[in-house]
Amino acid sequence: MRRAPNPAPRETTPLTGVVVPAGREGAAASAGSANGEPPAAAQHAVQAAVPGGYAAGYRDGVYAGGEALVAQHIPPDHILPAVAAADLIAAGFRQYAPSLTRLTSPHEMAGHIVAALDARRPFSVVRLGDGELLTLAADTVLPAQEVYELAPFLPYAGVPCSTPDIRAALAEAVRGADWVGVPISRAPTFQGLLFPVLRHFGIDWSGLKLTSSTINYGLHQSRLLLPILQGRRVLLIGSRAAELGVLLHHHGVQVTGIIPAVAGMADVSRVMQQTAAYAFDIALVAAGIPAVVLCQRIAGELGRAALDFGHLADKLVTGELQL
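Residues numbered from 1 in each chain as written. Predicted model: local features only at pLDDT ≥ 70, side-chain atom pairs only at ≥ 80, totals over all residues. Heavy atoms only, no water.

So, helix H8 (residues 130–137)
Most of H8 sits out of view: 8 of its 8 residues are buried. Listing the buried residues of H8 in full gives Asp130, Gly131, Glu132, Leu133, Leu134, Thr135, Leu136 and Ala137. Within two residues after H8, Asp139 carries a phi angle of roughly 65°, on the positive side. (Buried < 20%, exposed > 50% of the residue type's maximum accessible area, 1.4 Å probe, protein only. Helix = DSSP H or I, 4+ residues; strand = E, 2+ residues; numbered from the N terminus.)

Shown next, in the form of structure tokens:
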């Protein structure tokens, strides 16, 4: 994861026509879509159904998002010869380059986690994906109905209905977390919502310690996960906890507790009570959107380390990814 006394005025982010990847980590699972490039299968399907339709739609979209925007800034009876929209973007980017913000890398994050574990300091890493951002956006920066149309996966991710209490709990967790993972994707339901949502809840992004929202995968891909866990007492929380526990045990990790399921945001208090009964150094929490609140509370209330583990648990258990 101190609510602002006077929330910012309501903002609206245009999201018409957005196709949201299924699940809170859609950006990682569907990188092509997040970067504006439909998956190859989808391209072929569109082209087969409407000959020339995809090419024409892509061409129109590129124009609307580029040259048409440039045209709005050109005075009447003038042209800007031989300067493409891409050239103007490059020139403008150079102007804004000093505003680039560097995210904490997997190797740096591993160092921070190990240092906290060695010092027995509380430490939390939470992640904001499309699920968390759309939950926070409901009835704040977007109409709730639009959010539910964009995000039919929210009940599966632990939020059947985004309520003021749920949004307040998520915002508080973001404020209180040691590190906050944010999406690199600039797609409408990722960074397109991130900053309007933070502004609404009075959270100054520049005061947060930021990493990528896929830092869980980054730690795994960099071969840093097992070195962090080996020699530590590990608590596992989530529907895949038992299977993940067996896998970690085979790799020499001491699993001292398993909490097998989290029944949405309404179940956070019960899970915290169970968590407090275990002796552990670090908790890996794979519990959808409630993981954000759980990780911050485990650190803040129990003084332990907690990592929002996400769908990495599923991918390790199914063998899609290897430890």
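Observations concerning the pattern of salt bridges
Tallied over the full model, the rule gives 11 salt bridges. Residue Glu172 pairs with Arg175 through a salt bridge whose shortest N-O separation is 3.6 Å. Here Glu172 and its partner Arg175 are both found in helix H10 (residues 164–176), 3 residues apart, which amounts to about one turn of the helix. Classification of Arg175 as buried rests on a relative accessible area of 12%. As a salt-bridge pair, Glu301 and Arg297 come within 2.7 Å of each other at their nearest N and O atoms. Residue Glu301 and its partner Arg297 are both found in helix H16 (residues 290–302); the two are separated by 4 residues, about one turn of the helix. Classification of Glu301 as partly exposed rests on a relative accessible area of 49%. For Arg297, a relative accessible area of 23% puts it in the partly exposed group. When salt bridges that share partners are traced, they join Arg120, Arg233 and Asp281 into one network. (Salt bridge = Lys/Arg side-chain N within 4 Å of Asp/Glu carboxyl O.)

Any link to function would need more than the numbers given here.
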